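Descriptive structure summary
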Amino acid sequence: MSEPRARAERLRESMTLEEKVKQLCAVEASALYDGDGFSEAKADELLSEGIGQLTRIGDETGLPPEDVAEFRNATQEYLQEETRLGVPAIVHDECICGYMGPGGTTYPQGIGLAATFDPETASDVTREIRRQLEAIGTDHALSPVADLARDLRWGRAEETYGEDPYLAAEMTTGYVNGLQGTDNEGVMATLKHFLGHGTTEGGRNRASANIPPRELREEHAFPFEAAIHEADAGAVMNAYHDIDGFPCTSSPDVLRDLLRDELGFEGIVVSDYYSVRFLEDEHNVAESRRDAAVQALEAGIDMELPLIECYDELVGAVEDGDLAEETVNEAVDRVLETKARIGVLDTEPVDPGAVSEAFETDEQREISREAAGKSMTLLENDGTLPLDAPGSIAVVGPMADAGRGMVGDYGYPARTPDHGMDLVSPLEGIEAAFDGDVTHAAGCDMSEDESGIPAAVDAAESADVTVACVGAYSAISLDEGDGVSPQKPTSGEGCDVTDLSLPGAQPALLEAVLDADTTVIPVIVSGRAHTIGWAAEDAAALLHAFLPGEEGGNAVADVLFGDVNPAGRLPVSIPETVGQQPVRYNRKPNSARAGYVDVGIDPAYAFGHGESYTDFSYSDLELSADEIAGRGEITASVTVENTGNVTGDEVVQLYVSDPVASRTRPVQELKGFERISLGAGEEKRVTFTLAADQLAFYDRDMNLTVEAGAFDVRVGAASDDIRAEATFDVTETREVVGERRYLTKTVVDE
């Protein structure tokens, strides 16, 4: 038995039932706040028997970082000094795109990080997020989102790392490694939402999901499994929806059999906010709060977040014989072991005087700008970009002067109008980078009002170049109804849509500007994949900026003027029209062939696509063997050369196809990638090492199996831009049991 587990059991054995249950609960910081700071009187009411977690101090109270540190210290001191056993709380925060509280640096949203195709960039970002969280005393982060974006109507697609299991696994692992540290001495990460949250009916948040068991494991569970084994992620959060009629919150099949027994997860499972109560209120599978609490705990939810709604009923459930106390003990042991393992049981005060050294540093803003630059994805370019000293530029569109529009739904500025943050808009970035004349006219907002479009057209026609900044605001908006706000969010949690067009009057604005006598470059600032392909015919270039964070406007300007050569790649396939979905690259053969009478089957822009200001050639693809055993591995090496005149990054992508199998398999699957930088005329040799068990799938008997047969290796610049192919054979069929390879090893030689 490990020392943290032994310590946890000793501590639990000294607890009353009431104290044990409180370790499975959380309290919102606002409930302990009196308008000035920590309230001991409120703590006497809420914390006298201890508490498991403390919820989001900065976001709940609006306190600046230094005061958050003071509040955290006061709470922990109370728990250590004024409760019988002196057990501190785990303090948690949200940080998908940065600490979600006043003063937190805001980085690219998840979908933007995914577009970098660079897990090390994710680690760079989360190391700085960790620095801020540790400065204010946060122990636990409710990030990253390991879901797959399988229906682009879903507002939370922006929080994900895209449509592909392998890309999501690499980015999730990179994120966790930066946050927790490879020594696990950092801030504990939470993989969410387990499981299949991006495949709900109608693309609606929290709606039912109907996912076959093999797809559930091979695709949706894979990013979670990889981060559990490759990065030792400490926590998992359940999803809201039901699968085949059983809510994930109360499903032992999902939370025990799959997560713990099959995937080998040993950490804590925390509830998504209010999801325990939703068993009664939404799913109608519990007749009371007590029933909901018992179902959730028995299924495997160790802690109820963000506040006590149901789990206080566990005391009575045990006393009345409705719940075995051993089930409570099991969860308490995991919670206390986690507290011991991550240092919470021995926590000490943080230094409020040192907090400012960790917040909004020049280095953090530079990392945010660099990450945003790496995420910029050039969809089209007729040679106009990079701009070559135009005399004048018009910047139009509702996102042009919208610093707030650069931020994803879990960024603090997206939640708080008076956020006080320095968010650089594209207009500000262009004005800072360009010495010529810059004019601005928004043209429209997110409403249907077209009255401002003529002014935008006039501005465009008076300029040599027009940058049309369009897109969608992101927010957490759980209210129903269409809304009439000029900044109406149409992306983010609770912001699901039926139409992937640009919202409001923006299509009319863009069409009018494209018809004007000027060179037009649309810049899409959005976490959503919009059906924008129609604009390519008349646009000089088309740039997707996703949600680039607080330095987003500067990053847009860096790309427009050539200070950054774009190398972002699409983490999702962009459809021609919403009804074309699913259009992801890794569909099954029959789905990829069956078209429509009114539109083709191919997306407007395929997964992995992205243009550059230079050109790259691929040559000399070589496999290390013609065949491998079922436990073997194979290398695929390819030479990539920059054949253009400027330095640039290329994302070398490795795909594998299983042309004949005992069950239908995807057309092709991403199995590796590497982002490399090449000077003009420079070449590098990229070698991928692929293990046979990375080719495994669940067979007819639900065994994870590597099947004998031929496999095609494809290397290229995108899923629809394959530059070289080769074939090898696996010589034996074998069941994969125990440890296996999740991520492909890559070596780059000069």
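What counts, and at which threshold
- Residues numbered from 1 in each chain as written.
- Predicted model: local features only at pLDDT ≥ 70, side-chain atom pairs only at ≥ 80, totals over all residues.
- Heavy atoms only, no water.
- Helix = DSSP H or I, 4+ residues; strand = E, 2+ residues; numbered from the N terminus.
- Rg over C-alpha atoms; globule rule 2.2 N^0.38 Å.
- Buried < 20%, exposed > 50% of the residue type's maximum accessible area, 1.4 Å probe, protein only.
- Contact = heavy atoms within 4.5 Å.
- Areas by Shrake-Rupley, 256 points an atom, 1.4 Å probe, with all protein chains shown as cover.
- Patch = residues over 30% accessible without salt bridge, like charges linked within 9 Å, V, L, I, M, F, W, Y side chains within 5 Å.
- Salt bridge = Lys/Arg side-chain N within 4 Å of Asp/Glu carboxyl O.
- Lys, Arg positive; Asp, Glu negative; His and termini not counted.
- Charge placed at Lys NZ, Arg CZ, Asp CG, Glu CD.
- 1 Å grid on protein atoms, 1.4 Å probe; cavity = no way out; pocket = protein on both sides within 12 Å on 5 of 7 lines; lining within 4 Å.
- Points joined across faces, edges and corners; volume = space filled by probe spheres on them.
- Nonpolar A, V, L, I, M, F, W, Y, C, P; charged D, E, K, R; others polar.
- Axes fitted to C-alpha atoms, helices over the stretch in contact; angles between N-to-C directions.
- Parallel < 35°, antiparallel > 145°, perpendicular 65-115°, else oblique.
- Left-handed = near helix turned anticlockwise from the far one by under 90°.
- Pairing = 2+ DSSP bridges.
- Core = buried A, V, L, I, M, F, W, Y, C linked by side-chain atoms within 4.5 Å.
- pLDDT = per-residue confidence, 0-100.
- Expected span 1.5 Å × (residues − 1).

Glancing now at the overall build of the protein. For the protein, the count of helices and strands is 22 helices and 29 strands. Relative to the globule expectation of 27 Å for 750 residues, the C-alpha radius of gyration of the protein, 26 Å, shows essentially globular dimensions. Over its C-alpha atoms, taken along the principal directions, the protein stretches across nearly 75 × 65 × 50 Å. Counting the 750 residues in the protein, one finds 64% classified as buried. Residue pairs at least 24 apart in sequence account for 78% of intrachain contacts in the protein once pairs closer than 6 positions are excluded. For the protein, the accessible area works out to roughly 26,000 Å², and carbon and sulfur atoms hold 41% of it.

We now examine a negative patch on the surface. On the surface, a cluster of negative charge is contributed by Glu40, Asp44, Glu45, Glu77, Glu81 and Glu82. The set of elements that each furnish at least two residues to the negative patch consists of helix H3 (40–46) and helix H5 (65–82). Structurally, the position occupied by Glu81 is in helix H5.

For the rest of this paragraph, the subject is the pattern of salt bridges. For the structure on display, the rule yields 52 salt bridges. Between Glu120 and Arg127 there is a salt bridge, with the nearest N and O atoms lying 2.5 Å from each other. Under the relative-accessibility criterion, Glu120 is labelled partly exposed at 42%. A salt bridge links Asp281 to Arg277; its shortest N-O distance comes to 3.1 Å. Here Asp281 and its partner Arg277 are both found in helix H12 (residues 275–281), four residues apart, which amounts to about one turn of the helix. For Arg277, a relative accessible area of 19% corresponds to the buried category.

Here the focus is empty space enclosed by the protein. Scanning the model with the defined rule gives seven cavities of 30 Å³ or more in all. Of the pockets and cavities examined, the largest cavity occupies roughly 310 Å³. Along the walls of the largest cavity sit 24 residues, with Glu218, Phe222, Glu669, Lys671 and Gln694 positioned nearest its centre. Of all the secondary structure elements, the ones that give two or more residues to the lining of the largest cavity are helix H8 (165–180), helix H9 (213–220) and strand S22 (669–678). Broken down by class, the residue content of the lining of the largest cavity amounts to 10 nonpolar, two polar and 12 charged.

Position of Thr635 relative to the elements: it lies in strand S20 (residues 633–642). What makes Thr635 partly exposed here is its relative accessible area of 23%. Note: C-alpha distance between Thr635 and Gly681 (46 residues apart in sequence) is 25 Å. For Thr635, the contacting residues outside a window of four places in its chain are Glu622, Leu623, Ser624, Thr687, Phe688 and Thr689.

To continue, consider the environment of Ile308. Here Ile308 lies in the loop between helix H13 (289–299) and helix H14 (314–319). Leaving out residues up to four positions away in the same chain, Ile308 has contacts with Lys22, Cys25, Ala26 and Ile51.

The interhelical angle for the contact between helix H7 (residues 119–136) and helix H16 (residues 362–375), taken along N-to-C directions, is 150°, at an axis separation of 10 Å. The orientation of H7 with respect to H16, classified from their angle, is roughly antiparallel. Between H7 and H16 lies a crossing whose hand is left-handed. Residues Thr121, Asp124, Val125, Glu128, Arg131 and Gln132 of H7 pack against Glu363, Gln364, Ile367, Ala371 and Lys374 of H16. Counted by class, the contact of H7 with H16 contains three nonpolar, three polar and five charged residues.

So, about the sheet that holds strand S18 (residues 616–623). Across the sheet, which stays open at both edges, the four strands sit in the order S18-S20-S23-S29 with antiparallel pairing between neighbours. Among the strands making up the open sheet, the edge pair consists of S18 and strand S29 (745–749). With strand direction ignored, the average angle separating the axes of adjacent strands in the sheet is 20°. As judged from the five bridges shared by strand S23 (residues 683–691) and S29, these two strands associate in the antiparallel manner. When the sheet's bridge partners are listed, Thr687 is paired in S29 with Val747.

At their nearest, the axes of helix H18 (residues 426–433) and helix H21 (residues 552–560) sit 7 Å apart, and the two run at 50° to each other. With respect to H21, the element H18 is oriented oblique. Two packed elements cross with a definite hand, and for H18 against H21 that hand is right-handed. In this structure, H18 uses Pro426, Gly429, Ile430 and Ala433 to contact H21, whose residues at the interface are Gly553, Asn554, Ala557 and Leu560. When its residues are assigned to classes, the contact of H18 with H21 shows five nonpolar, three polar and no charged.

On to the nonpolar core. One broad rule of soluble globular proteins: the nonpolar side chains tend to lie buried together. By size, the foremost hydrophobic cluster in this structure holds 130 residues, and its most contacted members are Leu24, Leu179, Phe194, Tyr311 and Leu314. With eight residues, H8 is the largest single contributor of residues to this core. Apart from residues no more than four positions distant in its own chain, Leu24 is found in contact with Leu297, Asp302, Met303, Glu304, Tyr311, Leu314, Val328, Ala331, Val332 and Val335.

Note on placement: Asn73 falls in helix H5. Classification of Asn73 as buried rests on a relative accessible area of 12%. Not counting chain neighbours up to four residues away, the residues in contact with Asn73 comprise Pro349, Val350 and Pro352.

In this section: the confidence of the model for the protein. Within the protein, residue pLDDT values average 96, and 99% of them lie at 70 or more. Low pLDDT, under 50, characterises residues 480–484; the stretch is placed with two contacts to residues that sit more than four places away or in other chains.

The complete set of buried residues in H9 reads Leu216, Arg217, Glu218, Glu219 and His220. Those residues of H9 hidden inside the fold are in contact with H8, helix H10 (222–231), strand S7 (242–243), helix H11 (252–262) and strand S24 (697–698).

Between the first and last C-alpha of H5 there are 25 Å, a value that for 18 residues agrees with the 26 Å anticipated at 1.5 Å per step. Along H5, the positions that sit buried rather than exposed are Pro65, Val68, Ala69, Phe71, Arg72, Asn73, Thr75, Gln76, Tyr78 and Leu79. In this fold, the buried residues of H5 make contact with H3, strand S2 (53–55), helix H4 (57–61), strand S3 (90–93) and H7.

For the bond running from Leu305 to Pro306, omega is 0°, close enough to zero to count as cis. Mapped onto the fold, Pro306 is located in the loop between H13 and H14. Look at Tyr274: it is not a glycine, yet its phi comes out positive at around 70°. Within the secondary structure, Tyr274 is located in the loop between strand S9 (268–270) and H12. Phi at Met702 takes a positive value of approximately 65°, unusual for a residue other than glycine. With respect to the helices and strands, the residue Met702 is situated in the loop between S24 and strand S25 (704–706). Of the residues examined, Met702 reaches a relative accessible area of 29% and is grouped as partly exposed.

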